[in-house]
Every structure is written in structure tokens, then in C-alpha cells.
Amino acid sequence: MGEVIRWPKLGKEPSRWIWGPAADLILICGVGSLAFALLGGIATVAWRPSADLIVIGFLHFGVLCNYPHYAATYSLVVRERHENPRAFRALLLAAAVMAGVVVVGVFRPAIVLRPLTTLYLCWSAHHYAAQHFGVAAMYSHRRGAPLSGAAQRLARFAFLAVGVFLMLSLLDDGRSPQAVDDLRSVPLQVLTGVGYPLALGVGTIAILAFVAGHFVARKERGRGFDAMVWVLFGTNVAWFILPRLRLPGTTVPWTGDLAVWLPYAIPFFHCTQYLAVCGWRERTRSEVRPVYWFMALVAVGLVLFEGIARMLPHVSSLDEAGAFILVPAALNVHHFWVDGRIWRRGDKKPSTTSRAPSPLAA
């Protein structure tokens, strides 16, 4: 993880452009996802078939939210290629590498699909948790209490350690619900029987580190973590730790099949958060018409995910199920790789001309 960058303010104050405090909390900080989880849980318990309907709904929402969130990354890199050439070079390098992985996966799916899915799921855990930390850093700065010193290090560790909890849990769950229901996509079972106990330890340390960071911040600057930071950390824990806890004597998460929509809901809310922040950055750094920008993102996302995956079975021996494992996994790894170059600079010398840092990503 690099230093938080402070980008020049080139447009209207973002919070006054679209997002007010309530919208920030609901959409970007995760309160909306928690409210949905409560309502979705009640609906699923009251009428079991509603779980499948919710999954279908999120699959459709993905076209308007999840797919465009990948295209938003590439849009930012291309627009800012002159001022951030490292990100643009990463985009080209990652594209070449992952294209090679896809080619190998087409001809040797038995060798590629499981390791690639494992990498994708584990990197997802880091990517999501790191985004929560980045957004927390952004709001802390905007609200006059920037994260710094030991408090910042403890906060970063706490957020990312929650991601490690999810990684360890996935590696101890051979039939992870976050994988497509295909044996070729099951994560490598490298920590069976060990990963979950380790995850519990890491999760406990993460929570303790965050609380310690709050008190360190209070000692260092006379003010603890901002409320937005607490909300984002709570969302981090609610997304990745709570659903994967196991009842004593069991080997699967306590949610069982009641919350089959969780692996679809969490990416959706992650993507809405990401699109909101990217939309803010696009709008404040250049003249962008939001409607046209969003329509272009939807189109690019459809081509990347649906177009490539549906084409491969027609030009190779890979079946459709394998294509819809290979392509999303490869595109996600590509996205994580490039996204890590957008929100920080190589010189790590932040500008002093702005009022708010951009959020760190994976």
C-alpha cells in the first residue's frame, strides 16, 4: 500500500455535486448494504424462494453496476495516462499477461481455472478491504481529521486484516459459495481445517487494532477516528467476517443456504461504492457528462464480460461454463492489478494543493 495521494481540486466540491451526508452513508459507506441485508434476511426466512429471486435481481443489476465498475477503472487510466503513465503501462502489461492466461486457459482449463479462481477470490478480499480503508482515509481528510502516524498504520492494518480473514476462510472452504458451481472453479484447498481458526485469530486482532488506533488517534491529535471511519470498518466486518462465522461443531458458515444472495449482494454494493467515487473523480478532474459516461461504461462492461465469454465456446473447445469461469476471473485479476496503480503515485510525494485525498484501492 502506498501513501494516500491528494489530487488537485478541479471542480465543484464533490459532496455538493451529488452526494450529501445521507447519500454518502447509504451508498458509499455501506449503510445501505446493511439495511438490505436485514430486509433480505427477513424476506428469506419468511419465504425461502425469495432468496433465488434476489439472486436473479442482482445478476441483472450487475449489468448496470458491476460490469461498468470495471470499465470505470480503464476510463480513469486512459484519461489520466499523461499525468499517471505508470498506471497506463500497468494497464497494457496486465492486459497482455491476462490475455495470455486466457489463451492458456482455453486450451488447458484443468490447469488454469482452479488456481486462477483462487487468486481471484483471495485478491478480491484484499481489494474490497483496501477500498474501505481508502474511502475511510478520504472522508477523514474531508472532515478535518486526516489519518496519520501510528493511528493510520493501525487503521490500515485493521481494514486489511479483515480481508485476510476472508482469504483464510475461503482457503478453508472447498465449496465456497463465492465460486461458480463448477468443480473447476473450486478454490485450492490448501488450508483445510486450519484456515478458519487462523482467520478467527486474525479477525480478532483486526478489531483490537482498530480500537487501539482510535485511542492512539485521540492521544496524538485529541480526536479519535471519525464516525465515517467507524461506519466503514463496521461495514468491512459485516461484509466479510459476520457472514462467514461458523457455529460450534460445523464446517460451513452459519448463514447456510438462507443467504445464497450474499456472494452477489456484496460485489454489487462494492461496485456502487466504487462507481460513486470514480464518478466523483471523473467529474472533478475533467468535463464529463455523467449520463454518456455511464452509458459507455455499461457498453464496455457488456463487451468484456458477455461478449468475450460467449465468443470463446464458438472459437475454441472450451465449453460455456468454463468460459464464464475463465473470463470473469481473468478480468477481475486484471482490474485489481490496474486499480492498484490508479490511486497512488510512484514518487509518493503528495501534492499540497487539494482538500481531499483520493481513496486507496487494492
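Residues numbered from 1 in each chain as written. Predicted model: local features only at pLDDT ≥ 70, side-chain atom pairs only at ≥ 80, totals over all residues. Heavy atoms only, no water.

Side note on the overall build of the protein chain
A tally of regular secondary structure across the protein chain gives 13 helices and zero strands. Taken from the N to the C terminus, the helices and strands of the protein chain come in the order α-α-α-α-α-α-α-α-α-α-α-α-α. The buried share among the 362 residues of the protein chain stands at 51%. Within the protein chain, counting contacts between residues at least 6 apart in sequence, those at least 24 apart form 77% of the total. For the protein chain, the accessible surface area stands at approximately 16700 Å², while carbon and sulfur atoms represent 67% of it. (Helix = DSSP H or I, 4+ residues; strand = E, 2+ residues; numbered from the N terminus. Buried < 20%, exposed > 50% of the residue type's maximum accessible area, 1.4 Å probe, protein only. Contact = heavy atoms within 4.5 Å. Areas by Shrake-Rupley, 256 points an atom, 1.4 Å probe, with all protein chains shown as cover.)

Quick look at the environment of Val300
Position of Val300 relative to the elements: it lies in helix 12 (residues 290-315). The exposure class assigned to Val300 is partly exposed, which follows from its relative accessible area of 40%. C-alpha separation for the pair Val300 and Ala72, spaced 228 residues apart in sequence, amounts to 9.4 Å.

Digging into the nonpolar core
The tendency in soluble globular proteins is for nonpolar side chains to be buried side by side. Membership of the largest hydrophobic core comes to 90 residues, with the highest contact counts inside it found for Leu116, Tyr139, Phe159, Phe225, Trp261, Leu312 and Leu326. Dropping the residues within four chain positions of it, Trp261 is found in contact with Phe36, Ala37, Gly40, Gly41, Thr44, Ala51, Ile54 and Val55. (Core = buried A, V, L, I, M, F, W, Y, C linked by side-chain atoms within 4.5 Å.)

Focus on the packing of aromatic side chains
Throughout the structure, instances matching the rule amount to 19 aromatic pairs. Taking the centre distance of 5.9 Å and the plane angle of 50° together, the rings of Trp123 and Phe336 count as tilted. Here Trp123 is found in helix 7 (residues 109-142), whereas its partner Phe336 is found in helix 13 (residues 320-342), with 213 residues between them in sequence. Residue classification places Phe336 among the buried positions, given a relative accessible area of 2%. Taking 6.1 Å as the distance between ring centres and 85° as the angle between the ring planes, the aromatic pair formed by Phe159 and Phe210 counts as edge-to-face. (Phe/Tyr/Trp six-rings, centres within 6.5 Å; stacked < 30°, edge-to-face > 60°.)

Concerning the side chain of Thr117
Within the secondary structure, Thr117 is located in helix 7. Ignoring sequence-local partners within four residues, the contact set of Thr117 consists of Ser185 and Ile325.

Here's the deal with a nonpolar patch on the surface
Together, Ile207, Val211, Phe215 and Trp230 give the surface a local cluster of nonpolar side chains, amounting to about 340 Å² of exposed area. A total of three residues in the nonpolar patch trace back to one element, the largest contributor, which is helix 9 (residues 195-221). With respect to the element layout, Ile207 can be found in helix 9. (Patch = residues over 30% accessible without salt bridge, like charges linked within 9 Å, V, L, I, M, F, W, Y side chains within 5 Å. Salt bridge = Lys/Arg side-chain N within 4 Å of Asp/Glu carboxyl O.)

Topic: the confidence of the model for the protein chain
Across the protein chain, the average pLDDT comes to 86, with 86% of residues at 70 or higher. In this model, residues 176-180 is a region of pLDDT below 50 whose contacts with residues beyond four sequence positions or in other chains number 15 contacts. (pLDDT = per-residue confidence, 0-100.)

So, the packing of helix 11 (residues 262-285) against helix 12
Contact pair helix 11 / helix 12: the axes reach a minimum separation of 11 Å and the direction vectors enclose 130°. If you check the angle between helix 11 and helix 12, you find them oblique. For the pair helix 11 and helix 12, the crossing hand works out as right-handed. Between helix 11, through Leu275, Cys278, Gly279, Glu282 and Arg283, and helix 12, the contact on the second element is made entirely by Pro290, Trp293, Phe294 and Leu297. (Axes fitted to C-alpha atoms, helices over the stretch in contact; angles between N-to-C directions. Parallel < 35°, antiparallel > 145°, perpendicular 65-115°, else oblique. Left-handed = near helix turned anticlockwise from the far one by under 90°.)

What to know about helix 7
An ideal rise of 1.5 Å per residue puts 50 Å on 34 residues; helix 7 measures up with 47 Å between its terminal C-alpha atoms. Counting buried residues along helix 7, 24 of its 34 residues qualify, which places the element largely inside the surrounding structure. Once helix 7 ends, the next one or two residues include Gly144, with phi positive near 85°. (Expected span 1.5 Å × (residues − 1).)

Remarks on the packing of helix 3 (residues 31-46) against helix 4 (residues 50-64)
At a minimum axis separation of 8 Å, helix 3 and helix 4 run at an interaxial angle of 140°. Between helix 3 and helix 4, the angle falls in the class oblique. Residues Phe36, Gly40, Ala43 and Thr44 of helix 3 form the contact with helix 4, whose own contacting residues are Ser50, Ala51, Ile54 and Phe58. For the contact of helix 3 with helix 4, the class distribution of residues is five nonpolar, three polar and no charged. (Nonpolar A, V, L, I, M, F, W, Y, C, P; charged D, E, K, R; others polar.)

A look at the pattern of salt bridges
Tallied over the full model, the rule gives seven salt bridges. Of the charged contacts, one joins Asp24 and Arg142 as a salt bridge, the two residues approaching to 3.8 Å between their closest N and O atoms. Remark: Arg142 occurs in helix 7 and Asp24 occurs in helix 2 (residues 21-28); sequence separation between them is 118 residues. Assessed through its relative accessible area of 23%, Arg142 is described here as partly exposed. Put simply, Arg223 and Asp226 hold a salt bridge, and the shortest N to O gap is 3.4 Å. Several salt bridges share partner residues, and in doing so they unite Arg143, Arg223 and Asp226 into one network.

Brief notes about the side chain of His334
Mapped onto the elements of the fold, His334 is located in helix 13. Using a relative accessible area of 8% as the deciding quantity, one classes His334 as buried. Once residues within four sequence positions are removed from consideration, His334 is found in contact with Tyr74, Leu91, Ala94, Ala95 and Met98.

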